[in-house]
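What follows is each chain in one-letter form.
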Amino acid sequence: MKRLLPLIIFILLALLLGFGLKNADQKSLIPSPLIDKPAPEFNLPLVGKPDEFVSKADLLGTSYLLNVWASWCVACRQEHAFINEISRSGLIPVYGLNLKDETADATGWLRQFGNPYAINMADRDGRVSIDFGVYGAPETFIIDAQGRVRYKHVGVVDQHILEQEIKPIVATLNAEQANAK
């Protein structure tokens, strides 16, 4: 029995871990305290244009999707074609937040895979990403016209996330904006 005890404990722990992973909701694993709160302040240079800056104040007045990406991010490559499709669809403006990348790497990556970003900011030291609560790339936010964070998704955006999460939020923002007029 003494010899079986470690095996029994291991099996119980593996079952517990498996159950937890199977039933875990990603949002409950990494909640964002910024939901429905003002987005962090920032003033960042554009990728490839170090003399041009964009601040949070410059983006007020329109809702947008903010995609945190990097050329070194394998999962970003997986989602990038889909971010291009969202941008082309015109559903919502797509802005980029390039995380801790060298300018040449970021601009080369965009030339190779396409640039879906109407505005693409360089967060070279990662401070703005930290303020947004970013754990790693890719992460995606929806910011409303008043500059509040309305949504956060950790990981790759795909068709399911677009249909089940992003489109309903964009529809709500569009309705709120129409009612405000």
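Refer to the structure printed above.
What you see is a predicted model; the values in this text were computed from it and never measured.

Enquirer: Mind laying out the nonpolar core, listing which residues take part and the relevant values?
Expert: Of all hydrophobic cores here, the largest spans 46 residues; its most connected members are F42, L66, I86, M121, F132, F141 and I166. Apart from residues no more than four positions distant in its own chain, I86 is found in contact with L91, I92, V94, V157 and L162.

Enquirer: Tell me about the pattern of salt bridges, and please be specific about residues and values.
Expert: Applying the stated criterion to the full structure yields nine salt bridges. A salt bridge links R150 to D144; the shortest N-O distance between them is 3.0 Å. The two residues R150 and D144 agree in class, both being buried. Here K167 and E163 are joined by a salt bridge, their closest N and O atoms 3.1 Å apart. Remark: E163 and K167 occur in helix α6 (residues 159-180); sequence separation between them is four residues, near one turn of the helix. Exposure remark for K167: the relative accessible area of 34% places this residue in the partly exposed category.

Enquirer: Talk me through unusual backbone geometry; I want residue IDs and the actual numbers.
Expert: For the bond running from A137 to P138, omega is -5 degrees, close enough to zero to count as cis. Along the polypeptide, P138 turns up in the loop between α5 (127-131) and β6 (139-143). Unlike most non-glycine residues, D36 shows phi in positive territory, near 65 degrees. As for its position among the elements, D36 is in the loop between α2 (26-29) and β1 (43-46). Even without a glycine there, the phi angle at K100 is positive, about 50 degrees. Position of K100 among the secondary structure elements: in the loop between β4 (94-99) and α4 (103-113).

Here is what the cut-offs are and how they apply
Residues numbered from 1 in each chain as written. Predicted model: local features only at pLDDT ≥ 70, side-chain atom pairs only at ≥ 80, totals over all residues. Heavy atoms only, no water. Core = buried A, V, L, I, M, F, W, Y, C linked by side-chain atoms within 4.5 Å. Buried < 20%, exposed > 50% of the residue type's maximum accessible area, 1.4 Å probe, protein only. Contact = heavy atoms within 4.5 Å. Salt bridge = Lys/Arg side-chain N within 4 Å of Asp/Glu carboxyl O. Helix = DSSP H or I, 4+ residues; strand = E, 2+ residues; numbered from the N terminus.

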